Amino acid sequence: QVQLVESGGGLVQPGGSLRLSCAASGSIFNYHAAGWYRQAPGKERELVATITGGSSTYGDSVKGRFTISRDSAKLVVYLQMNSLKPEDTAVYYCKVTTMVRTYWGQGTQVTVSS
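None of these values were measured; they are calculated from a predicted model.

Chemist: Any chance you could explain the overall build of the protein chain here in plain terms?
Modeler: Secondary structure assignment for the protein chain yields zero helices and 11 strands. Helices and strands in the protein chain line up, N terminus first, as β-β-β-β-β-β-β-β-β-β-β. The globule rule puts the C-alpha radius of gyration for 114 residues at 13 Å, and the 13 Å found for the protein chain is close to it. Seen through its C-alpha atoms, the protein chain measures out along the principal axes to roughly 40 × 25 × 25 Å.

What follows is the structure, given as structure tokens:
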């Protein structure tokens, strides 16, 4: 059984920072790619960031503010979010892709508000 355990979400004021983490556990030993997606009420789920090997990609709305990283040995993926804006408010989902399938986290609420 494979599970992705997310942490780090919460309430933050505009301009603040949060660091999300996603730890894989269970019958998983490595993954080819990982990413973060988000979905706000009434909006489609959108790409935030992905990482494959040493290469990262970002959605246009977060470039220069968010950074994705990974600890392959511990199967943990992180999302450092800086200069947060109210429009960043959404449920953030971790995604991990292995050789055989893709796994999704349960989602973590990030709320940016004063």
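Chemist: Which parts of the structure should I look at to understand the state of the cysteines?
Modeler: By definition, a disulfide links the sulfur atoms of two cysteine residues through a covalent bond. This structure, assessed with the given rule, holds one disulfide. The disulfide partner of C22 is C94, and the S-S distance across this bridge is 2.1 Å. Measuring handedness by torsion sign, the sulfur bridge of C22 and C94 sits at about -85° and is left-handed. Taken together, the residues span a long stretch of sequence, with C22 in strand 3 (residues 18-26) and C94 in strand 9 (residues 90-97) at a distance of 72 residues. Each member of the pair, C22 as well as C94, carries the same accessibility label: buried.

Chemist: What exactly am I supposed to notice about the sheet that holds strand 7 (residues 66-71) here?
Modeler: Where strands meet in a sheet, backbone hydrogen bonds hold them as pairs that are either parallel or antiparallel. Taken together, four strands build an open sheet; the order of strands is 1-3-8-7 and the sheet is antiparallel. Since the sheet does not close on itself, it has two edges, and those belong to strand 1 (2-7) and strand 7, each with one partner. This sheet shows a mean twist of 15° between the axes of neighbouring strands, independent of strand direction. Pairing analysis gives six bridges linking strand 3 to strand 8 (residues 76-81), with the strands arranged antiparallel. Looking at the pairing, L18 lines up with M81 of strand 8.

Chemist: I'm lost on the pattern of salt bridges in this one. Help?
Modeler: Close approach of charged atoms lets side chains of opposite charge pair. Here the structure, examined in full by the defined rule, presents four salt bridges. With its nearest N and O atoms 2.9 Å apart, the salt bridge here joins R38 to D88. On the criterion of sequence distance, the pair formed by R38 in strand 4 (residues 33-39) and D88 in the loop between strand 8 and strand 9 is long-range, its members being 50 residues apart. Look at D88 and you get buried, because its relative accessible area is 0%. A salt bridge links D88 to R65, with the shortest nitrogen-to-oxygen separation between them at 2.7 Å. Within this pair, whereas D88 is found in the loop between strand 8 and strand 9, its partner R65 is found in the loop between strand 6 (55-58) and strand 7, the two being separated by 23 residues in sequence.

Cut-offs applied
- Residues numbered from 1 in each chain as written.
- Predicted model: local features only at pLDDT ≥ 70, side-chain atom pairs only at ≥ 80, totals over all residues.
- Heavy atoms only, no water.
- Helix = DSSP H or I, 4+ residues; strand = E, 2+ residues; numbered from the N terminus.
- Rg over C-alpha atoms; globule rule 2.2 N^0.38 Å.
- Disulfide = S-S within 2.5 Å.
- Buried < 20%, exposed > 50% of the residue type's maximum accessible area, 1.4 Å probe, protein only.
- Pairing = 2+ DSSP bridges.
- Axes fitted to C-alpha atoms, helices over the stretch in contact; angles between N-to-C directions.
- Salt bridge = Lys/Arg side-chain N within 4 Å of Asp/Glu carboxyl O.

So far we have only geometry, and geometry alone does not tell us how the molecule works.
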